[in-house]
Amino acid sequence: MVRIYHNSRCSKSRATLALLEQHVGACEVINYLDTPPSAGELSVLLKQLGMGARELLRTGEVEYRSLGLDDPALDDAALIAAMVAHPKLIERPIVVAHGNAAIGRPPEAVLAIL
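Since this is a predicted model, take the numbers as computed values, not measurements.

Draft legend 1. Molecular detail of the overall build of the protein. In terms of regular secondary structure, the protein is built from 5 helices and 4 strands. Counted from the first residue to the last, the protein has its helices and strands arranged as β-α-β-α-α-α-α-β-β. Taking 114 residues into account, the globule formula puts the C-alpha radius of gyration at 13 Å, and the protein, at 14 Å, falls close to it. Viewed in the frame of its principal axes, the protein has a C-alpha envelope of about 40 × 25 × 20 Å. Sequence-distant contacts in the protein: of pairs separated by 6 or more residues, those separated by 24 or more amount to 60%. Accessible area for the protein stands at about 5900 Å²; split by element, carbon and sulfur atoms hold 51% of it. Within the protein, the 13 negative side-chain charges are centred at a point lying 6 Å from the centre of the 11 positive side-chain charges.

Draft legend 2. Spatial organisation of the environment of H23. Its place among the elements puts H23 in helix α1 (residues 11–24). For H23, a relative accessible area of 49% translates into the label partly exposed. For H23 and V96, which are 73 residues apart along the polypeptide, the C-alpha to C-alpha distance reads 14 Å.

Draft legend 3. Here's a closer look at unusual backbone geometry. The linkage connecting R92 with the following residue, P93, adopts the cis geometry, with an omega of -15 degrees. With respect to the helices and strands, the residue P93 is situated in the loop between α5 (76–85) and β3 (94–97). For the bond running from R105 to P106, omega is 0 degrees, close enough to zero to count as cis. Within the secondary structure, P106 is located in the segment after β4 (100–103). With phi around 55 degrees, H98 is a residue other than glycine that occupies positive phi space. By secondary structure assignment, the location of H98 is in the loop between β3 and β4.

Draft legend 4. Representation of the environment of K88 within the structure. With respect to the helices and strands, the residue K88 is situated in the loop between α5 and β3. Ignoring anything within four residues of it in the chain, the contact list for K88 reads L33, R58, E61 and E63.

Rules and cut-offs
Residues numbered from 1 in each chain as written. Predicted model: local features only at pLDDT ≥ 70, side-chain atom pairs only at ≥ 80, totals over all residues. Heavy atoms only, no water. Helix = DSSP H or I, 4+ residues; strand = E, 2+ residues; numbered from the N terminus. Rg over C-alpha atoms; globule rule 2.2 N^0.38 Å. Contact = heavy atoms within 4.5 Å. Areas by Shrake-Rupley, 256 points an atom, 1.4 Å probe, with all protein chains shown as cover. Lys, Arg positive; Asp, Glu negative; His and termini not counted. Charge placed at Lys NZ, Arg CZ, Asp CG, Glu CD. Buried < 20%, exposed > 50% of the residue type's maximum accessible area, 1.4 Å probe, protein only.

Next up, the structure:
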């Protein structure tokens, strides 16, 4: 089953979901702002994405600045904890398929893992 960590208010997330529906039909939709991933789930997603926690942060969010997340001394565990507490900081959408993950920016980027 293909899974998408989705934010319905985001145009890229909506476009990625529509693309998935065209290519795979039904998929598991996780509205991650309502049901944020745990620290363990985020760690797995980061491994599947092949990136560090800092790369998954939305640096334009108010929380990014107010929490001082630009501090290079913060390790992945601290950044993951911030994303769990403030899921708005997580880049979106994230699609998981066949043990791999991709960020739908642009939406067509997820086709490589389908």
